[in-house]
Amino acid sequence: MRNFLFLKKPVFILLSSIFFLGCSGISSVPFETPVDTKDKTIQYQSKKTYEISDLDVYASNKFPGARLNGIEKLNDSTVKVIIHPENKPINPSPYYAFELWSTNSKEIYVAFQYPEKVKHRYRPKIREENNEWRQIDTNQFYRIDSLFTVKVSLDQKPKILAAQELANSKDVKDWYTNLGNMNKYVHIKKYGSSKLGRDLNLLDIYKGEKESKPILVLLTRQHPPEITGYLAYQSFLETILKENEITERFLDEYRVLAFPLLNPDGVDLGHWRHNAGGVDLNRDWSKYNQPEIRKTVKYIDEQVKKYNTTVDLAIDFHSTYEDVFYTNKQRKGTQLPNFIKNWFDALEKEIPEYVVNEAAGNSKKPVSKGWFLKKYNSVGITYEIGDQTSRDRIDEIGRISALEMMKLLTD
Ligand SMILES: [Zn+2]
């Protein structure tokens, strides 16, 4: 090792970057608080139809996005559904989705049993026969044996009872394929495969030349159940793809790389949070141990180099208990040092009765917003929507935030 000391600085830098390149072909980015994102074992659900014949109640998890690990009779009018995560440790946000039916019309109580210390998070929704989702009214909520319980009416047509509206990999693909068919600037491209071989697709949105055009990156569904973030993402992206004066001007200046489903395995397996490697993907933006992140960063980095450009802004859509923007404290030296302030001012001005809830931090853990900052001096933002934010309001916030972003970036 002694000889190492005598190496000239450029040689040292060259050697150390080769060392860090690894198999992804892209150097790792260090974070203050590293997280181990090597593969962990996951427990698969047994996909089956459950039968509680003396109550005449049936349940099934045989569809993509389902989560049901068991069902038992609790008393003469109540069934207990058992919900487990894909592995542990995990954020205690229990996701569930299953079909329920009965051969006769009846009302039944459904009690939710989660692992110890896990609290109920998502208010149940029902998918009706017309495929519309309906939130169950809070006056149908109970506590039975200290378990969160909901009363539902069943008949012979299976209804889906779920934590949030379902959007599995097929639903997402149908959505963006349709968008691609309607807009001439959208180029849908497969850029890799997930751990279990599902397609990783992106929408490459550009007008004319890609050379030197700054990039806007839009990400979502690293965490499978975070549907409200995905709903905002849809509204945001659809606004960019409306053909009008603002969007034309925006796409004259910017190229958009939109990643509509970063964790397709986790979504279709009905995971609470992780991918099929049992890992929180939004902690893997340092070492890229998981293919979903490795392929994504590799693709972005290749584009930046090939077209001699920058990533100015990266927005990653998620859900939590309330609407909140997680931002990086560091603004100076970024591609758009005034963007966050100006954007938030514009949102408060343009969205009726809206107050921006911002939490600025230092991205100590390897999350996407920190990666974009460290790697490209981008403005990285985690755009969180509350679980309970009304769907109309999400649409409005998504639409106006896209509009105001485009105005600021073309000012
Ligand atoms: Zn999340």
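Remember, it's a predicted structure, so these values are computed and weren't measured experimentally.

A. Fine view of the overall build of the chain. Counting secondary structure elements, the chain contains nine helices and 19 strands. Taken over the C-alpha trace, the chain has a radius of gyration of 23 Å; the compact-globule value for 411 residues is 22 Å, and the two agree within 12%. Looking at the chain as a whole, 56% of its 411 residues are labelled buried. The contacts of the chain with a sequence gap of at least 6 include a subset with a gap of at least 24, amounting to 76%. For the chain, the computed accessible surface area is about 18,700 Å², with 49% contributed by carbon and sulfur atoms. Charge centroids of the chain, computed over 60 positive and 55 negative side chains, lie 7 Å from each other.

B. Inspection of the UniProt feature "domain: Peptidase M14" (unreviewed entry) in the chain at higher detail. The positions UniProt marks with the feature "domain: Peptidase M14" (unreviewed entry) are residues 165–409. For the annotated span residues 165–409, helix accounts for 40% and strand for 22% of the residues, and the straight-line distance between the end C-alpha atoms is 33 Å.

C. Representation of the pairing of strand β2 (residues 57–60) within the structure. Residues of β2 alternate between two faces, with Val57 and Ala59 on one and Tyr58 and Ser60 on the opposite face, all of them buried. Between strand β1 (residues 49–52) and β2, which follow one another and run antiparallel, lie four residues, and Asp56 among them has a positive phi close to 55 degrees. Here three bridges tie β2 to strand β5 (residues 97–101), and the two strands are oriented antiparallel to one another. Bridge assignment links Ala59 to a residue of β5, and that residue is Leu100.

D. The arrangement of the sheet that holds strand β8 (residues 133–135) in detail. With respect to topology, six strands assemble into an open sheet ordered β1-β2-β5-β11-β7-β8, the strand pairing being antiparallel. Every interior strand has two partners, whereas the edge strands, β1 and β8, have only one. Taken over all neighbouring pairs, the strand axes of this sheet differ in orientation by 25 degrees on average, direction set aside. The pairing of β5 with strand β11 (residues 159–162) spans four bridges and is antiparallel. Bridge assignment links Leu100 to a residue of β11, and that residue is Lys159.

E. Structural context of the coordination of the zinc ion. Distances from the zinc ion to its protein donors, His223 (ND1), Glu226 (OE), Glu226 (OE) and His318 (ND1), fall at 2.1 to 2.5 Å. We note that the donor set of the zinc ion lies within a single chain, spaced as H-x2-E-x91-H. Of the two residues, His223 is situated in the loop between β14 (215–220) and α3 (227–240) and His318 in strand β16 (residues 311–320); the sequence distance between them amounts to 95 residues. Like His223, the residue His318 is buried in the burial classification.

F. Expanded view of the sheet that holds strand β13 (residues 199–205). Strand order in this open sheet of eight strands is β12-β13-β15-β14-β16-β19-β17-β18, and the pairing throughout is mixed. Looking at strand neighbours, the two that pair on one side only are β12 (186–193) and β18 (358–361), the edges of this open sheet. Strand-to-strand twist across the sheet, computed as the mean angle between neighbouring axes with direction ignored, equals 20 degrees. Sitting on the sheet, helix α7 (residues 339–350) touches β16, β17 (324–328), β18 and β19 (379–386), and the angle it makes with β19 is about 30 degrees. Of the strands in this sheet, β14, β16 and β19 touch helix α9 (residues 391–409), which is tilted by about 160 degrees from β19.

So, how was this worked out
Residues numbered from 1 in each chain as written. Predicted model: local features only at pLDDT ≥ 70, side-chain atom pairs only at ≥ 80, totals over all residues. Heavy atoms only, no water. Helix = DSSP H or I, 4+ residues; strand = E, 2+ residues; numbered from the N terminus. Rg over C-alpha atoms; globule rule 2.2 N^0.38 Å. Buried < 20%, exposed > 50% of the residue type's maximum accessible area, 1.4 Å probe, protein only. Contact = heavy atoms within 4.5 Å. Areas by Shrake-Rupley, 256 points an atom, 1.4 Å probe, with all protein chains shown as cover. Lys, Arg positive; Asp, Glu negative; His and termini not counted. Charge placed at Lys NZ, Arg CZ, Asp CG, Glu CD. UniProt positions renumbered as here; feature names shortened; annotations may be inferred. Pairing = 2+ DSSP bridges. Axes fitted to C-alpha atoms, helices over the stretch in contact; angles between N-to-C directions. Donors = N, O, S within 2.8 Å, 3.2 Å for Na, K, Ca; no water.

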